[in-house]
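# Notes for the structure review
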Amino acid sequence: MYGELLGAAQRLVEQLGELDPVTRWKEKDQGIWEIRGEPRDFLHSKLMCWAALDRAIALAAQLGARERVPGWAAARDEIRAAILERGWSDRAGAFTQAFGSEDLDASNLMLAMAGFLPGDDPRMKATIDATAARLTDERGLVYRYLAHDGLEGEEGTFLLCTFWLAQAQALVGELDQATATFERAVAAINDVGLLAEEVDVGSGEMIGNFPQAFSHIGLVNAAWAITQAQERAAGRDPAEADQR
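First, a word on what this report is: a plain description of the structure on this page. Throughout, residues of each chain are indexed from 1 in the direction in which the sequence is written. Side-chain atom pairs in this predicted model are given and counted only at pLDDT of 80 or more, local residue features only at pLDDT of at least 70, and totals for whole chains, interfaces and linings cover all residues. Calculated side-chain values reflect all of the structure's heavy atoms, with hydrogen atoms and water omitted.

## Quick look at the state of the cysteines
Put simply, the rule reads: Working definition: a disulfide is two cysteine sulfur atoms within 2.5 Å of each other. The cut-offs for exposure are 20% and 50% of the maximum accessible area for each residue type, with area from a 1.4 Å probe on protein chains only; residues under the lower value are buried, those over the upper are exposed, and the others partly exposed.
This structure, assessed with the given rule, holds zero disulfides. Looking at the unpaired Cys161, the closest cysteine sulfur is the one in Cys49, lying at 20 Å. Residue Cys161 is classed as buried on the basis of its relative accessible area of 0%.

Given below as structure tokens:
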């Protein structure tokens, strides 16, 4: 894969000219879901910039980049402050899809999974609970979002997003809710153990890309998070359970 990666990088330079080494986290974009319309300050995009810097700081010694840590830390802290100030909506009672928005987005569950906020933070719990209550269908499966996205028609619920909810619920200690959410999602598995991208709201049939790797990745991560939460609830060290 290294050859593929550097081959792509070389072609990019040939087509675009000199690459700009600066990552401008303040730039607006179309977000993880590639929503149509004008670029916006999508919270998930800012979160991923924060996560990139946070991990780079942790790896600085191995990267031989200790001298860059102060700059990375300053940018990381600036992003964090922007998310906490502009990403939260008192009116929505949750973190929202974009700065200044009141719309929920399942990708905001990544705030817990990326380690941006601990499970006992009331804003995180409120966002998880709001997603479970207001961003689900009658089966309890999770939509990516319900805001207008510039496209005609309707889409189904997303299995990856439902597994995200189960994982986030496990991370904040809502073990019963996490297990119930997980079981609702795995109920969609077909007779050969595969999952699609979405579930049709009316019929319950799987729709979209099939099989969808992201759905299966979400299943594994959610199952693991629930197992870890069960170990903690039983007073056992999850790390010891890993060794078993």
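## Here we look at the packing of aromatic side chains
The line we're drawing: Two aromatic rings, drawn from Phe, Tyr or Trp (for Trp, its six-membered ring), form a pair once their centres lie within 6.5 Å of each other, and the interplanar angle then sorts them: stacked below 30 degrees, edge-to-face above 60, tilted otherwise. Under the DSSP-based scheme used, a helix requires at least four consecutive residues in state H or I and a strand at least two consecutive residues in state E, with every element numbered from the N terminus. By definition here, charges over rings are those cases where NZ of Lys or CZ of Arg is within 6 Å of the ring centre and within 35 degrees of the ring normal.
A complete count under the given rule lists five aromatic pairs for this structure. With a centroid separation of 6.1 Å and an interplanar angle of 40 degrees, the aromatic rings of Trp33 and Trp164 are classed as tilted. A residue pair is termed long-range when its members are at least 10 positions apart, and Trp33 in the loop between helix H1 (2-16) and helix H2 (43-58) and Trp164 in helix H7 (residues 159-171) qualify at 131 residues. Here Trp33 falls in the buried class, since its relative accessible area comes to 13%. Pairing Trp50 with Phe116 gives two aromatic rings, centres 5.1 Å apart and planes at 75 degrees, and the pair type is edge-to-face. Here Phe116 lies in the loop between helix H5 (110-113) and helix H6 (122-134) and Trp50 lies in helix H2, a separation of 66 residues in the sequence. Following the ring pairs from residue to residue traces out a cluster consisting of Trp33, Phe158 and Trp164. Note that Arg80 overlies the ring of Phe116, its terminal NZ or CZ placed 4.6 Å from the centroid.

## A closer look at helix H9 (residues 213-233)
Formally: Here a helix's expected span is defined as the number of its residues, less one, multiplied by 1.5 Å. Residues adjacent in sequence count toward polar contacts only when both atoms are side-chain atoms; beyond that, a polar contact is any pair of N or O atoms within 3.5 Å, and within protein one must be able to donate a hydrogen and the other to accept it.
With 21 residues, H9 should cover 30 Å at 1.5 Å per step; its first-to-last C-alpha distance of 30 Å lies within 8% of that length. For H9, every residue scored as buried is listed here: Ser215, Gly218, Leu219, Ala222, Ala225, Ile226, Gln228, Ala229 and Glu231. For H9, the N-terminal cap is Gln212; the gap from its side-chain oxygen to the backbone nitrogen of Phe214 is 3.3 Å. Immediately downstream of H9, the backbone of Gly235 shows phi near 80 degrees, a positive value.

## Overview of the sheet that holds strand S4 (residues 198-199)
Operational definition: Any two strands with at least two DSSP bridges between them are considered paired.
Read from one edge of the open sheet, three strands run S3-S4-S5, paired in antiparallel fashion. Here the strands that pair on one side only, and so sit at the sheet edges, are strand S3 (157-158) and strand S5 (206-207). One ladder, built from two bridges, connects S3 with S4; its direction is antiparallel. In the sheet register, Thr157 faces S4, and the bridge partner there is Val199.

## Quick notes on H2
Let me state the cut-off plainly: By the convention used here, residues are in contact when the closest approach between their heavy atoms is within 4.5 Å.
Taking 1.5 Å as the rise per residue, H2 with 16 residues should run 22 Å; its terminal C-alpha atoms sit 23 Å apart, in good agreement. Every buried residue of H2 is listed here: Leu43, His44, Ser45, Lys46, Leu47, Trp50, Ala51, Leu53, Ala56 and Ile57. Those residues of H2 that are buried lie in contact with helix H3 (60-63), helix H4 (69-86), strand S2 (94-95) and H5.

## Re the side chain of Lys46
When you line up the elements, Lys46 lands in helix H2. By relative accessible area, Lys46 is classed as buried at 2%. When near neighbours in sequence (up to four residues on either side) are disregarded, Lys46 contacts Trp25, Lys26, Glu27, Asp41, Ile79, Ile83 and Phe99.

## Description of the packing of H6 against H7
The relative placement of two packed helices is expressed as an angle between their axes plus a distance between the axes. Condition: To get an axis, a line is fitted to the C-alpha atoms, and for a helix only the part in contact is used. The angle between two axes follows their N-to-C directions and goes from 0 to 180 degrees. Crossings are assigned a handedness: left-handed for a near helix turned anticlockwise from the far helix by less than a right angle, right-handed for a clockwise turn.
Where H6 meets H7, the closest approach of the two axes is 10 Å, and the angle between their N-to-C directions is 140 degrees. The two elements H6 and H7 meet at a crossing, and its hand is left-handed. Judged by residue contacts, Ile128, Thr131 and Ala132 of H6 engage Leu165, Ala168 and Gln169 from H7.

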